[in-house]
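Reading the structure
This is what each chain is made of:
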Amino acid sequence: MSLGAGPAGGPKETLVWAVRCACDGTIISGDSTGTVRFWDGQTYGMIQRIKGHVADVLDLAVSADGKSAISGGMDRRTTFYRRKEIGKKGEKCRWKEIMHQRLHKHDVKALAAYETNSMSILVSGVSLDTKPIITPIQQFGKEYHRTLSPLPQQPQVLSVPGKRLMVSWWDREISIWRISKSHDFFGTFEDDMDPEKQRKIKLLSKIELQNEESLTSVDVSLDGRLIVVATSLHIKMFRLRFHDKSTLKVGKFDLPSKVSRFGAKIVKFSPDKRWLLTVRADNTVELHRMIELEEPRRATKVLEKGVILKRLKRIQIAAESLHGDLDSYRQSISRIDFSADSRMLAVADLNGYVDTWVLEGHEDLTQQDMLTNGAATSDSSDSEESDSDEEQHPLVIFGQHWIRNPAASLIPKLDSTPVLFSFRPSQTSSEALGNDQVAVHATRQTPHPHSHALPQGENRLFVLTSEHHMYEFEVLGGRFTDWSRKNPATKLPAKFRILEDRAMGLIWDITKLKERVWLYGSSWLWMFDLSQDLSDNSIDENQPSQQKGSKPKVRSKKRKRNAEEIPHQTTAYHPLKSNTGAGDQIPDSKLSSGLGRVVRKIEGSDTARSRWLELGQERVPTSDDDEQGEIKRTALVELQREGDEETAGEEAAGLNGKHDSDGERATSHPRCWSTFKYRPILGIVPLGGDLDDDQDPEVALIERPLDDVELPARFYGDQEWDEAK
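Worth saying up front: this structure is predicted, and the values here are computed from it rather than measured. (Residues numbered from 1 in each chain as written. Predicted model: local features only at pLDDT ≥ 70, side-chain atom pairs only at ≥ 80, totals over all residues. Heavy atoms only, no water.)

Turning our attention to the overall build of the chain. Scanning the chain for helices and strands turns up 8 helices and 42 strands. At a minimum sequence separation of 6, the contacts of the chain that also span at least 24 residues come to 55%. Split by element, the accessible area of the chain, about 39,900 Å² in all, is 49% carbon and sulfur. (Helix = DSSP H or I, 4+ residues; strand = E, 2+ residues; numbered from the N terminus. Contact = heavy atoms within 4.5 Å. Areas by Shrake-Rupley, 256 points an atom, 1.4 Å probe, with all protein chains shown as cover.)

This is how it looks when you write it as structure tokens:
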């Protein structure tokens with residue numbers, strides 16, 4: 001297999017950077033001349049070559065049926081090729097370049113194709129701009145491409161609201177910042193103030209780990225005195241000491257070797273800083289008690305003896321058994337959270353199962369023998385004997401012990417993986433809940449008595465899944481809350497349900513007796529008022545409200561044959577079919593440029609011999625007796641209305657007030673609100689927002705655009721109009 005001589009005026013040697021094989025045995029190669037070559041898999045002779053790039057071809061991908069090939073190169077092009085049979089079926093074929101696009105801002109170094117019955121996508125990546133792009137294969141040119149966010153799915157920022165601190169981390173480095181109050185951002189500083197103190201955001205300290213492993217989890221206590229970090233091999237804790245608002249000293253905190261030596265994928269402090277939670281790589285959930293020592297400097301100690309919490313044993317259903325070796329991965333714990341009073345703990349795995357535990361009893365610091373029946377934690381197996389022994393002889397620490405929530409088995413399996421997982425914050429302090437502790441006395445049979453009182457604080461758990469379905473559970477009751485039962489996923493706004501970017505985090509707003517939750521992803525921000533029911537999905541809030549006394553418009557159920565009479569035409573209510581995994585379908589009005597439904601074929605140099613060819617459309621049958629089929633509708637197209645039907649005032653979706661069934665304004669409090677002007681969002685953290693404060697909560701929104709990141713020089717060809725000056 002010879003490539004022949006190099007190009008005239010270029011290097012004599014041609015370098016092959018990528019080789020792929022199609023399912024029919026065709027060998028495809030890409031080289032340094034920008035040429036894609038097709039070889040016969042039996043004779044190893046070159047069938048055809050296409051100059052698809054003006055610079056090196058760096059990678060190739062082939063579709064599952066072997067009829068499409070894609071190349072990516074140094075010229076930032078992603079080029080698509082299609083195979084067309086000539087003559088009798090299977091006798092001869094030719095490859096043609098269909099189209100090329102410059103989707104990336106730098107060299108396209110990696111391509112990967114993935115195709116199933118419902119998906120047909122290409123993922124292209126660049127190591128420099130770090131933005132993977134998903135492009136349709138079978139529907140190339142008919143569907144939009146989709147750019148994934150380069151930011152991590154879980155926000156790597158935390159805050160200490162009481163001290164206006166923000167903690168961010170990346171790789172092995174942790175940064176601690178202080179953010180000035182909001183009124184300082186409006187230039188209220190005095191002229192003679194020190195310029196150093198006028199800085200709005202100030203870096204107080206940096207912590208860099210000497211290990212070779214990257215950070216897996218970071219958490220900071222609510223009082224801002226301790227910070228715990230975890231890698232796959234170690235857990236470390238640091239002490240933070242503030243001398244004034246501008247000086248922070250970081251000190252080492254000695255953890256017991258049993259806690260620090262195994263590493264963890266998740267670490268978390270309880271809100272009252274009495275428990276340290278670790279989730280190991282094998283999904284073992286372990287809690288360690290933290291106590292304040294009576295010393296001049298309020299030293300904190302972590303007890304070496306830990307409490308291992310066991311999850312429910314669940315029967316594997318037939319659908320889950322199909323995952324095979326991935327079943328253990330799908331049982332990985334991905335989300336955890338403590339309740340506001342630190343007496344309830346909930347975890348969720350990728351399968352959608354939720355496990356909960358409660359802290360039974362009341363704290364009694366007079367008990368000197370803190371650890372009893374410690375053998376219950378020595379074995380982490382899931383045997384029935386170990387479970388029963390743990391229930392009969394729990395590990396009691398200062399009169400309290402963790403038990404499985406009595407209603408844990410009643411919480412149903414979620415429809416998909418949870419991405420947001422949070423207890424509602426309590427609107428009253430823990431002291432205001434009352435202290436109805438009942439004294440327990442030691443006897444001969446029970447030398448270490450302890451109470452069995454269950455927590456009485458806020459126990460509502462909010463969950464958002466990857467399918468953008470909202471659920472709220474009463475953990476102690478093992479049931480949905482009233483709000484969750486009245487507001488199923490079908491009542492959520494359609495604009496929210498069709499979001500492609502997954503949720504990253506949430507912020508609660510419970511000041512002034514509000515019950516608002518703010519959800520955000522990398523490119524969107526939504527607010528929902530959980531004190532109000534969502535609107536009926538049958539009434540689109542983006543449409544003008546019905547006038548009082550007028551009959552609502554009912555859409556005819558009769559099938560329209562317009563799409564059958566003109567197959568290549570579609571309307572807003574009749575798209576061709578749902579997307580194949582990348583972006584949404586491109587409307588006909590935007591297909592006039594580039595690859596459209598109708599293309600012009602010119603043979604030779606004579607344009608008079610050209611002819612128009614109509615690209616085939618696939619119709620989705622809705623029933624067995626409907627041979628023609630009805631074009632399938634998608635949720636996105638339902639939002640696409642005619643221009644004369646849209647009004648700018650209603651698009652705020654209740655921002656200025658919601659409407660009742662008669663179209664009149666019922667209240668000034670919006671049920672939901674959204675914006676898309678912030679992107680890409682790295683995270684949102686609360687600052688201040690005390691319950692006793694009448695002011696609205698304050699948050700810091702962190703954006704991380706990559707446009708200002710300096711990249712190496714890129715290749716510019718002859719047809720570059722955006723060449724840097």
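Now that the structure has been shown, we can carry on.
Right, let's get into the environment of S260. Residue placement: S260 occurs in helix α1 (residues 257-260). Given a relative accessible area of 17%, S260 falls into the buried group. Along the sequence, S260 and E304 sit 44 residues apart, while their C-alpha atoms lie 10.0 Å from each other. Setting aside chain neighbours within four positions, we find S260 in contact with L233, H234, I235 and L255. (Buried < 20%, exposed > 50% of the residue type's maximum accessible area, 1.4 Å probe, protein only.)

Attention shifts here to the pairing of strand β34 (residues 516-521). In terms of burial, β34 is largely enclosed, as 5 of its 6 residues are buried. Bridging between strand β33 (residues 503-509) and β34 involves 6 bridges; their strand directions are antiparallel. By the bridge assignment for β34, A503 is matched with G521. One ladder, built from 5 bridges, connects β34 with strand β35 (residues 525-529); its direction is antiparallel. Residue pairing for β35: L519 is matched across the bridge by W526. Turn length for the β34-β35 hairpin, with the two strands adjacent in sequence and antiparallel, is 3 residues. (Pairing = 2+ DSSP bridges.)

In this section: the environment of W170. Inspection of the secondary structure puts W170 in strand β14 (residues 165-170). The spatial distance from the C-alpha of W170 to the C-alpha of Q156 is 7.4 Å, given a sequence separation of 14 residues.

Okay, the side chain of S221 next. In this structure, S221 sits in the loop between β17 (217-220) and β18 (226-230). According to the relative accessible area criterion, S221 is buried, its value standing at 1%. A distance of 2.5 Å separates the side chain of S221 from the side chain of D223, its partner in a polar contact. (Polar contact = N/O pair within 3.5 Å; in protein donor to acceptor, adjacent residues only side chain to side chain.)

Let us look at the nonpolar core. The biggest cluster of nonpolar side chains holds 21 residues, and the ones touching the most others in it are L287, L309, L345 and W402. Of all the secondary-structure elements, those providing two or more residues to this core are β22 (275-279), β23 (285-292), β24 (300-309), β25 (333-338), β26 (344-349) and β27 (354-360). Sequence-distant contacts of L287, defined by excluding residues within four places in its chain, comprise W275, L276, L277, G306, V307, L309, F338, L345 and W402. In this structure, F462, L499, A503 and F528 belong to the second largest nonpolar core, which totals 20 residues. (Core = buried A, V, L, I, M, F, W, Y, C linked by side-chain atoms within 4.5 Å.)

Read across the open sheet, the 4 strands follow the order β21-β22-β23-β24; overall the sheet is antiparallel. The sheet is open, and its two edges are formed by β21 (266-269) and β24, each paired on a single side. In this sheet, neighbouring strand axes are inclined to one another by 20° on average, regardless of whether the strands run parallel or antiparallel. As defined by bridge partners, β22 adjoins β23 across 5 bridges and the pair is classed as antiparallel. Note on β23: the bridge partner recorded for V279 is V285. (Axes fitted to C-alpha atoms, helices over the stretch in contact; angles between N-to-C directions.)

Now for unusual backbone geometry. Residue P680 is bonded to the preceding R679 through a cis peptide linkage, with omega at -15°. With respect to the helices and strands, the residue P680 is situated in the loop between β40 (672-675) and β41 (681-687). For R164, which is not glycine, the phi torsion reads 55° and is therefore positive. Inspection of the secondary structure assignment puts R164 in the loop between β13 (157-160) and β14. A positive phi angle is found at S342, which is not glycine, with a value near 65°.

Once that is clear, we can look at the pattern of salt bridges. Applying the stated criterion across every chain, the model contains 23 salt bridges. Here E286 ties to R280 by a salt bridge, and the two come within 3.6 Å at their closest N and O atoms. Judged by relative accessible area, which is 8%, R280 ranks as buried. Among the ionic contacts, a cluster of salt bridges with common partners joins D272, R274, R289 and E363. (Salt bridge = Lys/Arg side-chain N within 4 Å of Asp/Glu carboxyl O.)

This brings us to the sheet that holds strand β4 (residues 46-51). The antiparallel open sheet is built from 4 strands, whose spatial order is β1-β2-β3-β4. Looking along the sheet, the strands with just one partner apiece sit at the ends: β1 (16-21) and β4. Direction aside, neighbouring strands of the sheet carry axes that sit 20° apart on average. In terms of strand pairing, β1 meets strand β2 (residues 27-31) through 5 bridges, oriented antiparallel. Bridge pairing in β2 places R20 opposite I28.

Let's shift gears to the packing of aromatic side chains. Scanning the model with the defined rule gives 13 aromatic pairs in all. Here F473 and F480 contribute two aromatic rings whose centre-to-centre distance is 5.0 Å and whose plane-to-plane angle is 25°, an arrangement assigned as stacked. Accessibility expressed as a relative area gives 1% for F473, which makes it buried. Geometrically, the ring pair formed by W526 and F528 is stacked, given 5.6 Å between the ring centres and 10° between the ring planes. The class for W526 is buried, based on a relative accessible area of 2%. (Phe/Tyr/Trp six-rings, centres within 6.5 Å; stacked < 30°, edge-to-face > 60°.)

On to the environment of L365. Note that L365 resides in the loop between β27 and α4 (384-392). With a relative accessible area of 54%, L365 lands in the exposed category. Taking the C-alpha atoms as reference points, L365 and F398, separated by 33 residues in sequence, lie 5.5 Å from one another. Setting aside its immediate chain neighbours within four residues, L365 contacts R289 and F398.

Let's shift gears to a positive patch on the surface. Together, K84, K92, R94, K96 and R611 line one region of the surface with positive charge. No other element matches strand β8 (residues 92-101), which puts 3 residues into the positive patch. Residue position: R611 is located in strand β37 (residues 611-614). (Patch = residues over 30% accessible without salt bridge, like charges linked within 9 Å, V, L, I, M, F, W, Y side chains within 5 Å. Lys, Arg positive; Asp, Glu negative; His and termini not counted. Charge placed at Lys NZ, Arg CZ, Asp CG, Glu CD.)

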